[in-house]
Amino acid sequence: MRNGIPVSPGVAVGTAYCIDEIFVNPDTKRLEPGEVQAELARYERARVKTAADLRALTQKVARQVGPHEAAIFASHLAILEDPAFDEKTRAWIAEHHETAQAALHHLLNEYASLFARTKDEYLKLRLNDLRDVVLRISGHLSEVLQPDGKAIAGPLIVVADELLPSHVVALGDRPVMGIVTQAGGQTSHAAILARSRGIPAVSGLRGILKQVKTGDRIVVDGRDGHVVVNPDAEIESAYRKLQREFFLLKDQLAANRDLPAKSADGETVQLLANINNVADVKAAAAMGATGIGLYRTEYLFLTHPSVPDEEEQFQAYREVIAASPGNTVTIRTLDIGGDKTVPYLGHAREANPFMGWRSIRLSFEHPELFATQIRAILRAAAEQEASGRTVRMLFPMVTTFEEMRRLRTMVDRARRQLESRRVRVGSVPVGLMLEVPAAAVSIRSLLPTVDFVSIGSNDLVQYLMAADRDNPKVSHLCQPLAPPVIRVLTDVIAACNAANKPVTLCGEMAGSPRGFLLLFGMGLRSFSMSPAFIPSMKELLCHLTVAKAESIHRRVLSHKAISQVTRYLTEQIKKIAPNLAMLDTA
Ligand code: PEP
Ligand code: MG
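Residues numbered from 1 in each chain as written. Chains lettered and ligands numbered in written order. Predicted model: local features only at pLDDT ≥ 70, side-chain atom pairs only at ≥ 80, totals over all residues. Heavy atoms only, no water.

Draft legend 1. Representation of the coordination of the magnesium ion (ligand 2) within the structure. The protein atoms that coordinate the magnesium ion (ligand 2) are Glu 435 (OE) and Asp 459 (OD), at distances of 2.0 to 2.3 Å. Of the two residues, Glu 435 is situated in the loop between strand S13 (430–434) and helix H16 (437–441) and Asp 459 in helix H18 (residues 457–464); the sequence distance between them amounts to 24 residues. Taking the relative accessible area as the measure of exposure, Asp 459 reaches 3% and is therefore buried. (Donors = N, O, S within 2.8 Å, 3.2 Å for Na, K, Ca; no water. Helix = DSSP H or I, 4+ residues; strand = E, 2+ residues; numbered from the N terminus. Buried < 20%, exposed > 50% of the residue type's maximum accessible area, 1.4 Å probe, protein only.)

What follows is the structure in structure tokens.
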């Protein structure tokens, strides 16, 4: 048994599927001599498609972002068209009878060990370029998950170093029951993806890919972070029982979706959903969300083969808005940087990416790209006004007053541009994401510049505690229930309420029973979370009164240690809604 960080609650038992960097299954069989020609042809088709993608990308990026950024793709094309690259790959197929995917894997390893010995930073960066090219060809090979040529039976537990958006796309509709990653922490994006789909997950298990291979039986316990590889029959059956209980609880809670979002004493609450795409919006509607509190638009960019232009963005946003439950849809502008990078926006390595060139800081330096997104949001919003929906625009990582003023100016300019094109523009409330401690400290002077606030506790916690949200080594510090975090949240919520500015919290703590209970006690009435958690929060609300939550909050304010807060809130949840204890991660 291995212990990691529990990042998405629940229990799953299934067959391991290990995601290698380029999706090579360790058990992939060698080719029979008669299969070599067909494999060479398959590789050639993928290579030609990749070259076409890179040409199109170079042109599109040059047009929409700039020539400097486009040069990255031109250099990738040069790698692809380098005869040595092509010959080596073909040799692995023709001489060693490897599949095209395995051939690329070997090639990458060969270069990696060659480059590992160099001190030349430039060459090291070239390895990243090579990796990008290999991943692109590999994407076109779209190998199915087949050890020994047979499809893996039953539900999959994905085991990866880190779950990337490209993996999620490649996995498509496969029945993924659990996720295990070597890297990451409670609010890393792999964890958020798992939570958004209600899939049990454990992160921070260093070296697990060396201990498990595709086809192994594996148990994931997302409540306390246990992972068991090839369990004996007794352990497997105990976990299967827990898995059944977890499903039963989920089914029971799903029945709550039609309940009003109200506490036991009649206080109305907004239970909004965090979404990445239209599929999530449908899940949000099915789970009884009262609106969309956070649409992370960067996923549109991360999963798009190139740069989505104004029309493509407009179509994507209107589709999301049209499918949304309730009357509020909050669209966040691009939040790239930190652990999410898109190559065409420049991917120079930074020593501290989370404190570096991220979110609006990056968007400001690509003014045309930024303006395009703002226009697409304004257009999609105008179209929806007739249906009575409010579309709100949310800016991530706002740090200073000046930034907020500059953002307002950009929105006004985009509005004028559209008006000069005779495009109808509606009124769109503009809000800031409160995730930087500096903004929390100056919340009272920032409030007059915005129409609403959304607290991004995932980032706020990592910045307040100076503990990287993706680093398992410091996950004991990156805790939303730490007393200093609670003090800051209490103050920010009080400031917004006093100024009558709508405030939502859209970090992961909104969807955990303990976090929700505490925030409700602070006076928060709008929560945004992964759709999977909405039914549970309705359940909690049914048993909760304002007076009870306020008294719990007051008591917590006197606690000095993180463990004291956690223990006390766990006890309270057990008393108030005992069946929800299974849904809080340790
Ligand atoms: C947050 O920081 O709390 C948040 C919701 O944004 P993200 O997780 O996308 O950084
Ligand atoms: Mg954030």
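Past the structure itself, the notes keep going.
Draft legend 2. Fine view of helix H20 (residues 513–522). Among the 10 residues in H20, 10 count as buried, and that is most of the element. Within H20, burial applies to Pro 513, Arg 514, Gly 515, Phe 516, Leu 517, Leu 518, Leu 519, Phe 520, Gly 521 and Met 522.

Draft legend 3. Structural detail: the nonpolar core. Counting residues in each nonpolar core, the largest one holds 141 residues, and the members touching the most others are Phe 85 and Phe 395. Looking at this core, you find at least three residues from each of domain 2 (33–141) and domain 3 (268–583). Here Phe 395 is in contact with Thr 333, Ile 360, Phe 370, Ile 374, Met 404, Leu 407, Val 411, Val 430, Gly 431, Leu 432 and Met 433, once residues within four sequence places are set aside. With 15 residues, the next largest nonpolar core counts Val 7, Ile 19, Val 176 and Ala 194 among its residues. (Core = buried A, V, L, I, M, F, W, Y, C linked by side-chain atoms within 4.5 Å. Domains from an automatic or database assignment. Contact = heavy atoms within 4.5 Å.)

Draft legend 4. Just helix H9 (residues 233–254), in detail. With 22 residues, H9 ought to run about 32 Å at 1.5 Å a step, and its terminal C-alpha atoms sit 31 Å apart, in line with that. Within H9 the residues assigned to the buried category are Glu 236, Tyr 239, Gln 243, Phe 246, Leu 249 and Leu 253. Down the axis of H9, the buried set is contained in an arc of 140 degrees. They therefore lie on one face. More than 90 degrees from the buried face of H9, the exposed residues found are Ala 233, Glu 234, Arg 244, Leu 248 and Asp 251. Those residues of H9 that are buried lie in contact with strand S3 (11–19), strand S5 (176–181), strand S7 (217–221), strand S8 (226–229) and helix H21 (534–542). (Expected span 1.5 Å × (residues − 1). Arc of directions from axis to C-beta.)

Draft legend 5. Focus on the sheet that holds strand S1 (residues 2–3). Strand order in the open sheet formed by eight strands is S1-S8-S7-S3-S4-S5-S6-S2, with mixed pairing between adjacent strands. Either end of the sheet is taken by a strand with one partner, and the two such strands are S1 and strand S2 (5–8). In this structure, S5 lies alongside strand S6 (residues 201–203), joined through two bridges in parallel fashion. The residue bridging Val 180 from the neighbouring strand is Val 202, located in S6. The sheet contacts of helix H7 (residues 189–196) involve S2, S5 and S6, and relative to S2 the element is tilted by about 50 degrees. Packed onto the sheet, H9 meets S3, S5, S7 and S8 and runs at close to 105 degrees relative to S3. (Pairing = 2+ DSSP bridges. Axes fitted to C-alpha atoms, helices over the stretch in contact; angles between N-to-C directions.)

Draft legend 6. Up close: the pattern of salt bridges. With the rule as written, the count across this model stands at 29 salt bridges. Put simply, Glu 310 and Arg 379 hold a salt bridge, and the shortest N to O gap is 2.8 Å. Taken together, the residues Glu 310 in helix H12 (residues 310–323) and Arg 379 in helix H14 (residues 367–384) connect sequence positions 69 residues apart. Classification of Glu 310 as buried rests on a relative accessible area of 11%. A salt bridge links Asp 491 to Arg 444; the shortest N-O distance between them is 3.0 Å. Placement of Asp 491 in helix H19 (residues 483–498) and of Arg 444 in helix H17 (residues 443–446) is noted, with a sequence separation of 47 residues between them. (Salt bridge = Lys/Arg side-chain N within 4 Å of Asp/Glu carboxyl O.)

Draft legend 7. Spotlight on the packing of H18 against H19. Relative to each other, H18 and H19 sit at 130 degrees, their axes nearing to 10 Å. With respect to their mutual orientation, H18 and H19 come out oblique. In this structure, H18 crosses over H19, and the sense of that crossing is right-handed. Residues Leu 460, Val 461 and Leu 464 of H18 form the contact with H19, whose own contacting residues are Val 485, Val 488 and Leu 489. For the contact of H18 with H19, the residue count by class is six nonpolar, no polar and no charged. (Parallel < 35°, antiparallel > 145°, perpendicular 65-115°, else oblique. Left-handed = near helix turned anticlockwise from the far one by under 90°. Nonpolar A, V, L, I, M, F, W, Y, C, P; charged D, E, K, R; others polar.)

Draft legend 8. Structural view of the packing of H12 against H14. Contact pair H12 / H14: the axes reach a minimum separation of 8 Å and the direction vectors enclose 40 degrees. In terms of axis orientation, H12 runs oblique to H14. The two elements H12 and H14 cross, and the hand of that crossing is right-handed. Facing Glu 310, Glu 311, Gln 313, Phe 314, Tyr 317, Arg 318, Ile 321 and Ala 322 of H12, the residues of H14 in contact are Thr 372, Gln 373, Arg 375, Ala 376, Ile 377, Arg 379, Ala 380, Ala 381, Glu 383 and Gln 384. For the contact of H12 with H14, the residue count by class is eight nonpolar, four polar and six charged.

Draft legend 9. Local environment of the site of ligand 1. Not every one of the 17 residues close to ligand 1 is listed here, only the nearest: Arg 296, Arg 332, Gly 456, Asn 458 and Arg 469. Ser 457 is positioned such that a nitrogen or oxygen atom in its backbone is 3.0 Å from an oxygen atom of ligand 1. Of all the elements in the fold, those that place two or more residues in the shell around ligand 1 are H7, strand S10 (292–296) and H18. Of the residues forming the shell around ligand 1, the biggest block, three residues, is contributed by H18. Tallied by class, the residues present in the shell around ligand 1 amount to four nonpolar, five polar and eight charged. (Near = heavy atom within 4 Å. Polar contact = N/O pair within 3.5 Å; in protein donor to acceptor, adjacent residues only side chain to side chain.)

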